[in-house]
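Structural overview
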Amino acid sequence: MKTRFAPSPTGYVHLGNIRTALFNALYAHSKQGTFLVRIEDTDLARSHNDYVEALFEDMAWLGIQNDEGPHHDHGFGPYFQSKRADIYAKYYEELEHKGMAFPCFCTEEQLALNRKVQQSAGLPPRYSGTCRNLSEALVKQNFQSGKTATLRFKVPTGKTIEFNDLVRGVQRFNSNDIGDFIIRRADGTSSFLFSNAIDDALMQVTHAMRGEDHVANTPRQILIQQALDLSSPMYGHLPLIVSSDSSPLSKRLGSWSVREMRNLGYLPIAIINYLARLGHNYESNELMPIEELAKHFSIDALGRAPAHFDGQQLLHWQREAIAKADLAKLKEWLLPAIQDKIAIEHEDAFIALISHNCVFPADATAWANRLCADEVNYEEECAEIVKNTPAEFFASAIEAVNDQGIQYTAFMDALKQKTTLKGKQLFQPLRVALTGVLHGPELADIMGFLGKERIINRLEQAKNREF
Ligand code: GLU
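For clarity, every value in this text was computed on a predicted model and none was experimentally measured.

Here we look at the side chain of Ser190
With respect to the secondary-structure elements, Ser190 resides in the loop between strand S7 (182–184) and helix H6 (192–202). Since its relative accessible area comes to 5%, Ser190 is described here as buried. A distance of 3.5 Å separates a polar atom in the side chain of Ser190 from a polar atom in the side chain of Ser195. Dropping the residues within four chain positions of it, Ser190 is found in contact with Thr42, Tyr88, Tyr92, Ile183, Arg184, Arg185 and Ser195.

Take a look at the structure:
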């Protein structure tokens, strides 16, 4: 069993196409199969090697491992389509020899005109067959006069093409609805329809999952494979990801590349758990490592309904991922955001203190600023709380620190006694005075991190508030 992901390296991978990669990987690994990555770079003008490198880097960061591909040759390479021209040449020859492909000399202008005529007659635009039956002599003459030609596949007439889609069930197409399509461009490069079909067969792909936007390509690709006596994989077309209001994923969301999400501070395991459930139903709502997601992946759990992108769900998995991460992971994640603010010897303590109050690394930076600044910066509501708390409260707190030190229970008992306050009236002004905000880590831990001197400074600031 072999699945594949076959991206065209024309940009950074975004949520939509990395989900396709993930599903193919999970499916292969649920069956002890092979997950192949092939680079479809026949469109030389739009393909860039930087995007290929970025793709493998992004996949590695997400933990999506391919078993076969450019870095893991299983004897079916090269895995870059731009390096497979010799292989394709043989199959073009075979099709021409069988009379199943023909050169087309139509210019772009002619084709556009044809399309217009068909549209105004209410017909779907389809190649009208101008060059389908040119005589050998005319073909020769055209070439001799220096004309260039594309190569078109001669679609057989009156044929039903049927395939059993892994997601959508049986799909039927009538070949009469399919115009003769281009399999080799005028510049000699192969078209997507052709190279993709040939490579799936030659690389012995057994299952190909891809976006629903490819459904109409499938009968064409099956026709190519049949014409060349090649095998076809089973195809599965995944519903596209749409915005929460069912409109196609907006530019903004759709342009969320994996690296953008990484820069924003999303954790890879959160993205993986989110995407794995976008169009696939898992019984468990637990955060799972990718191996577990693979173990429980099932074709039957794939949905046919459009997959709705939900930023809140993504945040849910982000929080789950943080809750489950160990200190080493959290440190790797947060260190760049705090490194220049926290002394090395305090890094671990600081990260342990604030990590569960962070959703993104920027939150850790905010906590570093909050806890390390000389002056507390009160949020608006908090300034009010300090203002409404009698200065004596903070004076008592300073006394309690001086008498008892900063051991939390002893300090609190002393403060309670001095002020006769309890509950929110006791804790809230204290928290606000020490941090400037209403919520955060346990007060005991905050005090431990701040240390006596800073605590006293902050209580002084609250006592002498100048607003
Ligand atoms: N290169 C094609 C794309 O990126 C692959 C489609 C497919 O998976 O067959 O859309």
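Thoughts on unusual backbone geometry
Across the chain, the bulk of peptide bonds are trans and the bulk of non-glycine residues have phi less than zero. A cis geometry characterises the amide bond from Gly77 onward to Pro78, with omega recorded as -5 degrees. Along the polypeptide, Pro78 turns up in the loop between helix H2 (49–62) and helix H3 (85–97). With phi around 55 degrees, Asp229 is a residue other than glycine that occupies positive phi space. Classification of Asp229 by relative accessible area gives exposed; the value is 65%. Even without a glycine there, the phi angle at Thr420 is positive, about 55 degrees. Among the secondary structure elements, Thr420 is positioned in the loop between helix H18 (408–419) and helix H19 (424–435).

Notes on the packing of helix H15 (residues 361–372) against helix H20 (residues 443–463)
Angle between the axes and distance between the axes are the two parameters that describe a pair of packed helices. One way to put it is that H15 packs onto H20 with a least axis distance of 10 Å and a crossing angle of 40 degrees. Compared by their axis directions, H15 and H20 come out oblique. Within the contact between the two elements, H15 uses Arg370, Leu371 and Cys372 and H20 uses Ile446, Phe449, Leu450, Arg454 and Arg458. Along the lines of polarity and charge, the residues of the contact of H15 with H20 split into five nonpolar, no polar and three charged.

Things to note about the side chain of Gln221
As for its position among the elements, Gln221 is in helix H7 (residues 217–227). Look at Gln221 and you get buried, because its relative accessible area is 0%. Among the polar contacts made by the side chain of Gln221, one reaches the side chain of Asn196 at a distance of 3.0 Å. Sequence-distant contacts of Gln221, that is, excluding residues within four places in its chain, are made with Phe192, Leu193, Asn196, Ala197, Arg210 and Tyr235.

Regarding the nonpolar core
By size, the foremost hydrophobic cluster in this structure holds 103 residues, and its most contacted members are Ile64, Phe350 and Leu459. Phe350 has contacts with Ile338, Ile342, Ala364, Trp367, Ala368, Leu371 and Phe449, leaving out every residue within four places of it along the chain. Within the second largest apolar cluster, 30 residues are counted, among which are Tyr92, Phe153, Ile178 and Ala197.

Examining the pattern of salt bridges
All told, the structure shown has 21 salt bridges when counted by the stated rule. Here Asp200 makes a salt bridge to Arg4, at a shortest N to O gap of 2.9 Å. With Asp200 in helix H6 and Arg4 in strand S1 (residues 2–5), this residue pair connects regions lying 196 residues apart in the sequence. According to the relative accessible area criterion, Asp200 is buried, its value standing at 0%. Asp43 is the salt-bridge partner of Arg46, the closest N and O atoms lying 3.6 Å from each other. Overall, the relative accessible area of 26% leaves Asp43 in the partly exposed class. A single salt-bridge network, built from bridges that share partners, covers Arg4, Arg38, Glu40, Arg84, Asp199 and Asp200.

Considering the site of the ligand
Taken together, Arg4, Ala6, Pro7, Ser8, Glu40, Phe192, Asn196, Arg210 and His214 make up all the residues around the ligand. At a separation of 2.9 Å, a nitrogen atom of the ligand approaches a polar side-chain atom of Ser8. Between Glu40 and the ligand, the recorded distance is 2.7 Å, taken from a side-chain N or O atom to a nitrogen atom. Protein contacts shield 79% of the accessible area of the ligand, which totals 290 Å² for the unbound molecule. Class assignment for the residues of the shell around the ligand results in three nonpolar, three polar and three charged.

Side note on the packing of helix H13 (residues 327–338) against helix H14 (residues 347–354)
With their axes 10 Å apart at the nearest point, H13 and H14 run at an angle of 100 degrees to one another. Comparing the axis directions of H13 and H14 gives the class roughly perpendicular. Each of Leu327, Leu330, Lys331, Leu334, Leu335 and Ile338 in H13 lies in contact with H14, whose residues at this interface are Glu347, Asp348, Phe350, Ile351, Ala352 and Ile354. Across the contact of H13 with H14, the residue classes tally to nine nonpolar, no polar and three charged.

How each quantity is defined
- Residues numbered from 1 in each chain as written.
- Predicted model: local features only at pLDDT ≥ 70, side-chain atom pairs only at ≥ 80, totals over all residues.
- Heavy atoms only, no water.
- Helix = DSSP H or I, 4+ residues; strand = E, 2+ residues; numbered from the N terminus.
- Buried < 20%, exposed > 50% of the residue type's maximum accessible area, 1.4 Å probe, protein only.
- Polar contact = N/O pair within 3.5 Å; in protein donor to acceptor, adjacent residues only side chain to side chain.
- Contact = heavy atoms within 4.5 Å.
- Axes fitted to C-alpha atoms, helices over the stretch in contact; angles between N-to-C directions.
- Parallel < 35°, antiparallel > 145°, perpendicular 65-115°, else oblique.
- Nonpolar A, V, L, I, M, F, W, Y, C, P; charged D, E, K, R; others polar.
- Core = buried A, V, L, I, M, F, W, Y, C linked by side-chain atoms within 4.5 Å.
- Salt bridge = Lys/Arg side-chain N within 4 Å of Asp/Glu carboxyl O.
- Near = heavy atom within 4 Å.
- Areas by Shrake-Rupley, 256 points an atom, 1.4 Å probe, with all protein chains shown as cover.

Everything listed is a geometric property; what it means functionally is a separate question.
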